[in-house]
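# Descriptive analysis of the structure
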Amino acid sequence: MAYENLIVEKRGAVAIVTVNRPDKLNALNIKTRGEILAAFDELAQDDEIRVVVITGAGDKAFIAGADINEFAGRTALEQREIMRGRGAFDSVEDFPKPVIAMINGYALGGGCELAMACDIRIASTKARLGQPEIKLGIIPGGGGTQRLPRLIGEGKAMELILTGDMITAEEAERLGLVNRAVSPEDLETKTMDIANRIAEMSPVALRMAKQAVKNASRTDLRAGLEAELDLFALCFASEDKEEGVRAFMEKRKPEFKGK
Ligand code: COA
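Computed from a prediction, not measured in an experiment: that's the story for all the values here.

### Re the overall build of the chain
In terms of regular secondary structure, the chain is built from 11 helices and 10 strands. In summary, the chain has a C-alpha radius of gyration of 19 Å against a globular reference of 18 Å for 259 residues, a match within 12%. Within the chain, the fraction of its 259 residues that count as buried is 44%. For the chain, long-range pairs separated by at least 24 residues make up 71% of all intrachain contacts whose partners lie at least 6 apart in sequence. Here the chain has roughly 13,700 Å² of accessible surface; of this, 54% comes from carbon and sulfur atoms. Separation of charge centres in the chain, based on 36 positive and 41 negative side chains, amounts to 1 Å.

### Overview of the sheet that holds strand E1 (residues 6-11)
Spatially, 6 strands are ordered E1-E2-E3-E5-E7-E10 in an open sheet, and the strand pairing comes out mixed. The open sheet has two free edges, formed respectively by E1 and strand E10 (180-182), since each of these has just one partner strand. The mean inter-strand angle of the sheet, taken between neighbouring strand axes irrespective of direction, is 20°. Where strand E2 (residues 14-19) meets strand E3 (residues 51-56), 6 bridges bridge the pair, whose relative direction is parallel. Looking at E3, one finds that threonine 18 is bridged to threonine 55.

### Topic: the layout of surface pockets
In this structure, the largest pocket spans a volume of roughly 900 Å³. Lining the largest pocket we find 40 residues, and of these Arg33, Gln79, Met83, Gly141 and Gly142 sit closest to its centre. Elements with a minimum of two residues in the lining of the largest pocket: helix H1 (30-44), helix H2 (76-83), helix H3 (88-93) and helix H4 (110-117). The residue makeup of the lining of the largest pocket, split by class, is 18 nonpolar, 11 polar and 11 charged. Taken as a whole, the second largest pocket holds about 540 Å³ of empty space. In terms of lining residues, the second largest pocket is bounded by 20 residues, among which Met116, Cys118, Asp119, Val213 and Lys214 are the most central. Considering each element in turn, the lining of the second largest pocket owes the most residues, 8 residues, to helix H9 (residues 203-218).

### Notes on the nonpolar core
Note on soluble globular proteins: their nonpolar side chains tend to be buried together. Ile36, Phe40, Ile54, Ile103 and Leu177 are the most contacted members of the largest nonpolar core, which has 44 residues in total. In terms of residues, this core owes the most to one element, H4, which gives 5 residues. Aside from chain neighbours lying at most four places away, what touches isoleucine 103 is Phe62, Ala115, Arg121, Ile122, Ala123, Ser124, Ala127, Leu129, Val178 and Leu187. Counting 16 residues, the second-largest nonpolar core is a separate cluster that includes Ile100, Met102, Ile120 and Val182.

### What about the environment of threonine 145?
When you line up the elements, threonine 145 lands in helix H5 (residues 144-152). The partly exposed category is assigned to threonine 145, whose relative accessible area is 30%. Separated by 13 residues in the primary sequence, threonine 145 and methionine 158 place their C-alpha atoms 8.3 Å from one another. If we skip the residues at most four places from it in the chain, threonine 145 touches Pro140 and Ile161. At 3.1 Å, the side chain of threonine 145 forms a polar contact with the side chain of glutamine 146.

### A closer look at the site of the ligand
Taken together, the neighbourhood of the ligand is formed by 17 residues, with Lys24, Lys60, Ala64, Ala66 and Ile68 sitting nearest. Lysine 24 places a side-chain nitrogen or oxygen 2.5 Å from an oxygen atom of the ligand. Here a nitrogen atom of the ligand sits 3.0 Å away from a polar atom, N or O, in the main chain of alanine 64. Computed on the free molecule, the ligand has an accessible area of 860 Å², of which 61% lies beneath the protein chains in the complex. Class assignment of the residues belonging to the shell around the ligand gives a composition of 11 nonpolar, 1 polar and 5 charged.

Rules of the game
Residues numbered from 1 in each chain as written. Predicted model: local features only at pLDDT ≥ 70, side-chain atom pairs only at ≥ 80, totals over all residues. Heavy atoms only, no water. Helix = DSSP H or I, 4+ residues; strand = E, 2+ residues; numbered from the N terminus. Rg over C-alpha atoms; globule rule 2.2 N^0.38 Å. Buried < 20%, exposed > 50% of the residue type's maximum accessible area, 1.4 Å probe, protein only. Contact = heavy atoms within 4.5 Å. Areas by Shrake-Rupley, 256 points an atom, 1.4 Å probe, with all protein chains shown as cover. Lys, Arg positive; Asp, Glu negative; His and termini not counted. Charge placed at Lys NZ, Arg CZ, Asp CG, Glu CD. Pairing = 2+ DSSP bridges. Axes fitted to C-alpha atoms, helices over the stretch in contact; angles between N-to-C directions. 1 Å grid on protein atoms, 1.4 Å probe; cavity = no way out; pocket = protein on both sides within 12 Å on 5 of 7 lines; lining within 4 Å. Points joined across faces, edges and corners; volume = space filled by probe spheres on them. Nonpolar A, V, L, I, M, F, W, Y, C, P; charged D, E, K, R; others polar. Core = buried A, V, L, I, M, F, W, Y, C linked by side-chain atoms within 4.5 Å. Polar contact = N/O pair within 3.5 Å; in protein donor to acceptor, adjacent residues only side chain to side chain. Near = heavy atom within 4 Å.

Read these as geometric descriptors, not functional statements.
This is how it looks when you write it as structure tokens:
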């Protein structure tokens, strides 16, 4: 499918989704959100794709948040209607394959929230992250108040959300908001290295692993452990498990087929 504000590129088993509004620092307007939802739905069905990387066009921004221009004059009821139902962030969080945020610059507001909905975050040392909504007289509405405390703890999340301060990629790494901060020159190589290594794993096991880990923040420990056991056992229904075990015993590289 052709998109107005997205570029979808396939490199082997990895798809790279680039939000492409660099003159607006890749701010998420309604159109772009809809396109992210559609692109992820399409990639979910594409058996050749095993991992998705999402990034922003240009050298300045990952995503500088929701498109603020669309907020002017909008009523509470209109805003609620726009945000109801399944949105772009849900399509990323619930995507059946791993999603990596390649944070090449500003990841603010909805940009930080989209990155948090991803499974792994790699940031350039040029990136700045934050939830500046408070400065506009609003609060994060794309999961920021829930995902940020789960990633970095309530105290620090509260500080970032109440001050609207931006932090550097290095500080984000220290806090656990990003997995790794790397130099801008290394960002793509390091991200693709992780993406390609993950893409070699069994798609079935990746899906089970993602679901099991997500349960950690969605359920209590007991329910999470029970679900883990079921998902673990379910992997034994796959051909990939037999291939993985046999390859180990035969001292060769496994060839996972996602079956
Ligand atoms: N929504 C709409 N447009 C945005 C935007 C957003 N979230 N963020 C940046 N832009 C636009 C600017 O309006 C500007 O457009 P223009 O050239 O037509 O005037 C363009 O992108 C470049 O941004 P600019 O502000 O000139 O760049 P900067 O380097 O001076 O500042 C930021 C960069 C990120 C600090 C600043 O753009 C900013 O604070 N953006 C808003 C961040 C935010 O509050 N996000 C949460 C929204 S809920």
